[in-house]
Structures are given as structure tokens and as C-alpha cells.
Amino acid sequence: SEMCIRDRVSTQSTWDYHIEMESAMMEDIKGDFQKIDKNNDGFVDMCEFCYHCAKFNLDTSFEKLEAIFKSLDTNGDGKISWEEYYAYMHKKIVDYREKSTVEIFKRLDKDGDGQITEKEVEECCFKAFGYNMTPEEIKAFFIKVDANTDGKITFDEFKKYMEKQFSQRDHFPSPSLSSNCLLYTSPSPRDATLSRMPSSA
């Protein structure tokens, strides 16, 4: 559950929190699929699916469970593959990304006018990214994000930048891969943030 995930991830910074939250989500997705797939054949059939749901004492009729199962079984072959399960759960991650993008932008937009200035980044970067950016890092950030070079970052510009950052990490994973293979990892929060911040080159 999201509450369990929150207990596991660091809350040191907004940015690192969202990255770690997403990593924890991915870890849970892989783990859940492997738990549901009782015979380890790489597929979840209706019996395995119902058995898994029953363990949580869900007050759900068979008809509703069957409808959920069919929504995951997109090719209608009577079983859920890892690809199908991942696609379904990945949509939830995408929804989370959209919410976190809005939250980070709001933390940077100190005066709430819908635009981010260099001064606002300087004053609010710790709240958004978890560390105080140098003037050089702020300029590099604006070079990458301020598409029309007017000295301000709109939400659309910020959203496009964030989508690009996410797309660079987005690829179809195998359920046997470790979460380190799916998302960037780094030894410290500052290094992790710096590894995802734009360079001035």
C-alpha cells in the first residue's frame, strides 16, 4: 500500500522523495506479480488472481474480480502476462508522475503566478530538490527548461522537461531485474539530484 511505501522511502527532499517513491512502487509491482504467480510460469490465471485477492479479505464479488481480471488481460487469452500487468500498473506510476510534477512546480513558484524565476529557484530549490543550488546550477537549469529563453519557466515548459527526464528512465523491465536497473541510483541525495539535474554543457 502507499502507506507502507511511504514508511520505506526517504523524505529528505521533495525531488528525491518522488524518485524513491516511484522506485518503491516499481519494486512492489515486481514483487506483487511474483507473489500472485504461484506456479512461477510467468502468467497469472484467474484462480491465482482470485486466491491472491482472497488473502486480503476484499469484499468483492466474483463478477467484479472477473471484470478486473479482464481489464488486465488485454489480449483475452485468459491469463495475465508480466507485460500486461506492468502496463496496467505503469499507468498508475504515470499518474503519480503527473501529480509530483505539479507539486514540485508549486514549491518552486513561490508567488503563485504560474511562472518560475531564477530568484524563486534560488529561494525554493532546497524545498523542491533537497539542496541549495549554486548560481551556475540555476543558470544551467534555466538553459535546459526555459524553452523560449524569456527568463521565466512556465508550467508547460517545466512539464515537458520533467517528461523528458522520466522518458530517459522509462523502459520495459523484466520482473527479475533489481530496482537499481530500473531507476537511477546514487550514493547520496545530493549526488542523486545532481545526476538528474542538467549540465551547463
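Before reading further, recall that the structure is shown in the block above.
Quick caveat: nothing in here was measured; it's all calculated off a predicted structure. (Residues numbered from 1 in each chain as written. Predicted model: local features only at pLDDT ≥ 70, side-chain atom pairs only at ≥ 80, totals over all residues. Heavy atoms only, no water.)

(A) Representation of the overall build of the protein. Within the protein one finds 9 helices and 4 strands. Its helices and strands in sequence order give the protein the pattern α-α-β-α-α-β-α-β-α-α-β-α-α, from N to C terminus. The 201 residues of the protein split such that 41% are buried. Element-wise, carbon and sulfur atoms account for 53% of the exposed surface of the protein, whose accessible area totals about 11500 Å². (Helix = DSSP H or I, 4+ residues; strand = E, 2+ residues; numbered from the N terminus. Buried < 20%, exposed > 50% of the residue type's maximum accessible area, 1.4 Å probe, protein only. Areas by Shrake-Rupley, 256 points an atom, 1.4 Å probe, with all protein chains shown as cover.)

(B) Quick peek at unusual backbone geometry. Even without being a glycine, Asn-40 presents a positive backbone phi close to 55°. Looking at the secondary structure, you find Asn-40 in the loop between helix H2 (14–36) and strand S1 (43–45).

(C) Structural detail: the packing of aromatic side chains. Inspection of every chain in the model, using the stated rule, returns 9 aromatic pairs. When the centroid spacing of 5.4 Å and the interplanar angle of 65° are considered together, the rings of Phe-33 and Trp-82 count as edge-to-face. Of the two residues, Phe-33 is situated in helix H2 and Trp-82 in helix H5 (residues 82–108); the sequence distance between them amounts to 49 residues. Both residues of the pair, Phe-33 and Trp-82, belong to the buried class. Ring centres 5.3 Å apart and planes at 85° place the aromatic pair Phe-105 and Phe-155 in the edge-to-face group. Of this pair, Phe-105 sits in helix H5 while Phe-155 is found in helix H8 (residues 155–169), placing the two residues 50 residues apart along the sequence. (Phe/Tyr/Trp six-rings, centres within 6.5 Å; stacked < 30°, edge-to-face > 60°.)

(D) Highlighting the pattern of salt bridges. Taken as a whole and assessed by the stated rule, the structure comprises 5 salt bridges. Two residues, Arg-107 and Glu-103, come together in a salt bridge whose shortest N-O distance is 3.4 Å. Remark: Glu-103 and Arg-107 occur in helix H5; sequence separation between them is 4 residues, near one turn of the helix. Overall, Arg-107 belongs to the partly exposed group, its relative accessible area being 28%. Exposure remark for Glu-103: the relative accessible area of 32% places this residue in the partly exposed category. Between Glu-123 and Lys-110 there is a salt bridge, with its nearest N and O atoms 3.0 Å apart. (Salt bridge = Lys/Arg side-chain N within 4 Å of Asp/Glu carboxyl O.)

Everything listed is a geometric property; what it means functionally is a separate question.
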